[in-house]
Amino acid sequence: MSTSTKIKLLCQPTDDSWLQQALNNLDLILLDHSHCERKAAGVAVNLLFRYPSHESLIYQLTAIAKEELEHFEQVNQWLAKKNIPLSPLKPSPYGATLKDAIRRHEPHRLLDSLLVSALIEARSHERLGLLADNCPDVDLAKFYRGLMASEARHYGIYWLLATQYFHREIVDQRLPELAHLESEILSNLYPEPRIHS
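Residues numbered from 1 in each chain as written. Predicted model: local features only at pLDDT ≥ 70, side-chain atom pairs only at ≥ 80, totals over all residues. Heavy atoms only, no water.

(A) Up close: the packing of aromatic side chains. On inspection of all chains with the given rule, the structure shows 2 aromatic pairs. An angle of 40° between the planes, with centres 5.9 Å apart, marks the rings of Trp78 and Phe143 as tilted. Highlighted residues: Trp78 in helix H3 (residues 55-81) and Phe143 in helix H6 (residues 138-165), separated in sequence by 65 residues. Of the two residues, Trp78 and Phe143, neither departs from the other in class, the shared state being buried. An angle of 45° between the planes, with centres 6.1 Å apart, marks the rings of Phe143 and Tyr144 as tilted. A single burial state applies to Phe143 and to Tyr144, both of which are buried. Taken together, the aromatic side chains of Trp78, Phe143 and Tyr144 make up a single cluster linked through ring pairs. Note that Lys81 overlies the ring of Trp78, its terminal NZ or CZ placed 4.1 Å from the centroid. (Phe/Tyr/Trp six-rings, centres within 6.5 Å; stacked < 30°, edge-to-face > 60°. Helix = DSSP H or I, 4+ residues; strand = E, 2+ residues; numbered from the N terminus. Buried < 20%, exposed > 50% of the residue type's maximum accessible area, 1.4 Å probe, protein only. Lys NZ or Arg CZ within 6 Å of the ring centre and 35° of its normal.)

(B) Highlighting the layout of surface pockets. One number sums up the size of the largest pocket: a volume of about 880 Å³. Lining the largest pocket are 33 residues; nearest its centre among them are Lys39, Val43, Gly95, Lys99 and Ile120. Where the lining of the largest pocket is concerned, the elements lending two or more residues are helix H2 (26-50), helix H4 (94-101), helix H5 (108-134) and H6. In terms of residue count, the dominant contributor to the lining of the largest pocket is H2 (11 residues). Counted by class, the lining of the largest pocket contains 13 nonpolar, 9 polar and 11 charged residues. In this structure, the second largest pocket occupies an estimated 200 Å³ of space. (1 Å grid on protein atoms, 1.4 Å probe; cavity = no way out; pocket = protein on both sides within 12 Å on 5 of 7 lines; lining within 4 Å. Points joined across faces, edges and corners; volume = space filled by probe spheres on them. Nonpolar A, V, L, I, M, F, W, Y, C, P; charged D, E, K, R; others polar.)

(C) Focus on the environment of His35. With respect to the helices, strands and loops of the structure, His35 is situated in helix H2. Residue class for His35 comes out buried when judged on its relative accessible area of 13%. Separated by 11 residues in sequence, His35 and Asn46 place their C-alpha atoms 16 Å apart.

(D) Local environment of unusual backbone geometry. In this chain, Glu106 is followed by Pro107 through a cis amide linkage whose omega measures 5°. In this fold, Pro107 is placed in the loop between H4 and H5.

(E) Spatial organisation of the packing of H6 against helix H7 (residues 168-185). Their axes nearest at 7 Å, the elements H6 and H7 cross at an angle of 130°. In this view, H6 runs oblique relative to H7, as classed from their interaxial angle. Regarding H6 and H7, the two cross each other, and that crossing is right-handed. The segment H6 lies against H7, with Trp159, Ala162 and Thr163 engaging Arg168, Val171 and Leu175. Within the contact of H6 with H7, the residues separate by chemical class into 4 nonpolar, 1 polar and 1 charged. (Axes fitted to C-alpha atoms, helices over the stretch in contact; angles between N-to-C directions. Parallel < 35°, antiparallel > 145°, perpendicular 65-115°, else oblique. Left-handed = near helix turned anticlockwise from the far one by under 90°. Contact = heavy atoms within 4.5 Å.)

Pasting the structure below:
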């Protein structure tokens, strides 16, 4: 079992098998991290377009989208430094499975979208922390540590938006269902190294 601090939103901490896989494949993890930051920016932007009259959501997610793109650029600088070419990667089932769990009709779609985003950001926060604590490259470990606060802030914002637009009881009922699914997806380690494998 992971020695990381348990993240409040997550049902289960990351297993040590993921950390060993990641540390043995840091170049692939960096490349996947680039894809993750780009996708995270895209998720925020898509929500901006889908809910243009939700003023608080617009304000908060505009800031998140900008920050995710800054992180995307920073990770790409690391890739260039290590001579790792930008290239496509087959994603793990993690994101697609969570996306499939988002209900299609409003207002459930908004609630699930916010909570799924919160869970993904919470898992990213946890795993970047594991890399920061264990990465043998001191500079890269420092980089991961520098991103942790942003990831924590992001998952907090998504959760707070959910509680702003929905009664707390509704959020508290739905979140454990999605959190259980999120942990279930990760219970079998994906054979190819990914941030969310």
